[in-house]
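Examining the three-dimensional arrangement
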Amino acid sequence: MHDTGKPGEPAVRQVGTRVVYENPWMVVREDEVERLDGSRGIYGVVDKPDFVLVIPLDGDGFHLVEEYRYPIGKRTWNFPQGSLPGRRDADPEELARLELAQETGLRAGTLKHLGYLNCSHGTSGQGFNIFVASDLRAGETDREPEEQDMRQKWFSRDEFAALVREGRITDDSTLAAFALLTMDDQLTTDGRLDRGRPAQPER
């Protein structure tokens with residue numbers, strides 16, 4: 001049986017690295033690594049900055065955005081999310097307000113941090129902060145050129161579940177954020193969300 005290492009000791013250690021590809025959104029590197037038993041190998045890693053995901057909570061439902069996702073070749077719905085261009089760092093709360101306003105036109109009166117998750121820990125160290133936005137006010141969008149085909153719509157929780165079943169929501173970050181929200185709801189005293197009329201989304 002191989003030694004499992006000391007507590008806190010990395011099971012895989014980097015002994016060399018090289019950048020194999022880089023653009024304004026990501027760096028792809030190949031690391032030479034050493035395992036606990038002393039054997040060597042390589043590990044491909046995608047370095048991308050952390051992003052934010054915003055759950056625009058309105059009544060008993062959510063505002064979602066839809067756009068064409070080039071890598072999978074189809075349009076899908078998801079919660080608003082993103083990072084700054086050029087791999088720049090940003091304060092998560094400020095970025096959450098910015099992404100929400102840019103993609104939906106909505107401004108949040110209240111923003112609650114729900115948690116932090118990793119989205120692809122087998123290939124990247126990238127993670128994302130999840131915020132719940134409420135007390136929403138409608139405004140103008142300011143979408144980036146890559147988002148020019150984006151549209152938004154309000155969905156009830158039942159409609160959200162139907163989108164998942166129909167394969168129209170396939171984004172794992174959106175589903176993970178919804179799971180955290182559901183867990184958070186269960187910790188509240190009455191287990192229910194404030195119910196009210198949703199803000200009018202952009203058509």
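Quantities reported herein were computed from a predicted structural model and do not represent experimental measurements.

What about the overall build of the protein?
Along its length, the protein carries three helices and 10 strands. Going residue by residue from the N terminus, the α and β elements of the protein occur as β-β-β-β-β-β-β-α-β-β-β-α-α. Among the 203 residues that make up the protein, the fraction classed as buried is 38%. Within the protein, residue pairs in contact and separated by at least 24 positions form 61% of the contacts whose partners lie at least 6 positions apart.

Side note on the side chain of Asn-23
Looking at the secondary structure, you find Asn-23 in strand 1 (residues 12-23). Looking at Asn-23, its side chain comes within polar contact range of the side chain of Tyr-21, at 3.1 Å. At 2.7 Å, the side chain of Asn-23 and the backbone nitrogen of Trp-25 are in polar contact.

A closer look at the packing of aromatic side chains
Two descriptors summarise a pair of aromatic rings, namely the distance from one centre to the other and the angle between the planes of the rings. Summed over the entire model, instances satisfying the criterion amount to seven aromatic pairs. Ring geometry for Phe-62 and Phe-160: centres 5.6 Å apart, planes at 65°, overall edge-to-face. Here Phe-62, found in strand 5 (residues 61-69), pairs with Phe-160, found in helix 2 (residues 157-165); they are 98 residues apart in sequence, far enough to count as distant. A relative accessible area of 1% places Phe-160 in the buried class. An aromatic cluster is built from Phe-62, Phe-79, Phe-160 and Phe-178, whose rings are joined through pairwise contacts.

Describing the sheet that holds strand 2 (residues 26-35)
If you trace the three strands from one edge of the open sheet to the other, you get 1-2-3, paired in antiparallel fashion. Every other strand in the sheet has two partners, leaving strand 1 and strand 3 (40-47) as the edge strands with one partner each. Averaged over all adjacent pairs, the angle separating strand axes in this sheet is 20°, with direction ignored. As defined by bridge partners, strand 2 adjoins strand 3 across eight bridges and the pair is classed as antiparallel.

Description of helix 3 (residues 172-187)
In this model, helix 3 (16 residues) spans 23 Å end to end at C-alpha, consistent with the 22 Å of a helix rising 1.5 Å per residue. Restricting attention to buried positions, one finds in helix 3 the residues Ser-173, Thr-174, Ala-177, Leu-181 and Asp-185. Projection of helix 3 onto a plane perpendicular to its axis shows the buried side chains occupying an angular sector of 115°, all on one side. Across from the buried face of helix 3, at angles greater than 90 degrees, the exposed residues are Gln-186 and Leu-187.

Thresholds applied
Residues numbered from 1 in each chain as written. Predicted model: local features only at pLDDT ≥ 70, side-chain atom pairs only at ≥ 80, totals over all residues. Heavy atoms only, no water. Helix = DSSP H or I, 4+ residues; strand = E, 2+ residues; numbered from the N terminus. Buried < 20%, exposed > 50% of the residue type's maximum accessible area, 1.4 Å probe, protein only. Contact = heavy atoms within 4.5 Å. Polar contact = N/O pair within 3.5 Å; in protein donor to acceptor, adjacent residues only side chain to side chain. Phe/Tyr/Trp six-rings, centres within 6.5 Å; stacked < 30°, edge-to-face > 60°. Pairing = 2+ DSSP bridges. Axes fitted to C-alpha atoms, helices over the stretch in contact; angles between N-to-C directions. Expected span 1.5 Å × (residues − 1). Arc of directions from axis to C-beta.

The values reported here are purely geometric and, on their own, carry no functional implication.
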